[in-house]
Amino acid sequence: MHYEERAIGFDCGGDALFGILSLPAAPSDSKRGVLIVVGGPQVRTGSHRQFTLLARALAAAGTPVLRFDYRGMGDSEGAVRGFDSVDQDVRAAIDCFQQEVPGLEEIVLWGLCDGAAAGALYAPRDARVRGLVLLNPWVRTDEGAARATLKHYYRGRLLDAGLWKKIASGRFDLLGAARSFVGVARSALRPSQDAAQCGAALPERMHASLARFPGKVLVLLSGADLTAQEFSVVAEAPHWRTLLETPRFARRTLPKADHTCSRREWHEQMTAWTAEWLAAW
């Protein structure tokens, strides 16, 4: 199936927002559409045209897709805002999506990094949202980043033969590396400051939001990405594990992929997993 694209504009709090609709070329009886919630600071094309290619592939498979720029980003007007302050933007985009695609009843939010976090925090507040696709979701805390670094980076370094050759030859700054390790270890053991700053650490806010959300969730993780590794560390907690093991959650990992799935084969695999998941319910 082919696809069609057209530019659209819509209002959000008095600011003009702009996006691109990707639609199946033939009339579709699909009542479900995908809204791509970009990570920031990014625009609707995505890194190496990631969101453009995703939207076109899904539209060619029969699913309408809208990708747009938040206020303050790309072509859209307004002040720049953080991922946890874009609810009004997402709601305005869904309103416009339904106006442009008559019969659209169900919305799936697809997000990368803090775009995934934005979608997860928004989803339980809008009954039209029935699904989430979260690629390398952002759950960053200083403690979590340090724990992920200890688990994934330092463990790999200790098994690296090249490191030991440098140490043996005297070409490695052992003292500097030890200082770095101690600093990371202290951060990993230090109680998180996020709770004092925003009422609850981001991982707990995300968990509470996903627990309230009744729809289906697909979590996509890149194996060679620190953000994904941070999420994996967070997901080891018992309450997270219990949530992710419920039938409405699905999880896929692409072992060698980077944060934005920059190679063609990585992007195509993530797109295929998304399309298969959409077709399964």
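Refer to the preceding data block for the structure.
Treat the numbers as computed from the prediction; the structure is a model and nothing was measured.

Caption draft 1: Quick peek at the overall build of the chain. Looking only at helices and strands, the chain has 11 helices and eight strands in total. Evaluated residue by residue, the chain yields a buried proportion of 48% over its 281 residues. Contacts in the chain between residues at least 24 apart in sequence constitute 73% of all its contacts with a sequence separation of at least 6. Just so you have it, the chain exposes about 13300 Å², and 54% of that area is on carbon and sulfur atoms.

Caption draft 2: How the structure looks around the pattern of salt bridges. All chains considered together, the criterion is met by 16 salt bridges. A salt bridge links Glu100 to Arg6, with the shortest nitrogen-to-oxygen separation between them at 2.9 Å. Placement of the pair is Glu100 in helix H2 (residues 87-100) and Arg6 in strand S1 (residues 3-12), with a sequence separation of 94 residues. Between Arg264 and Glu268 there is a salt bridge; the shortest N-O distance is 2.9 Å. In this pair, Arg264 and Glu268 are both assigned in helix H11 (residues 264-279), four residues apart and thus about one turn of the helix distant. The class for Arg264 is exposed, based on a relative accessible area of 65%. Members of the salt-bridge network, linked through shared partners, are Arg91, Asp95, Asp126 and Arg128.

Cut-offs applied
Residues numbered from 1 in each chain as written. Predicted model: local features only at pLDDT ≥ 70, side-chain atom pairs only at ≥ 80, totals over all residues. Heavy atoms only, no water. Helix = DSSP H or I, 4+ residues; strand = E, 2+ residues; numbered from the N terminus. Buried < 20%, exposed > 50% of the residue type's maximum accessible area, 1.4 Å probe, protein only. Contact = heavy atoms within 4.5 Å. Areas by Shrake-Rupley, 256 points an atom, 1.4 Å probe, with all protein chains shown as cover. Salt bridge = Lys/Arg side-chain N within 4 Å of Asp/Glu carboxyl O.

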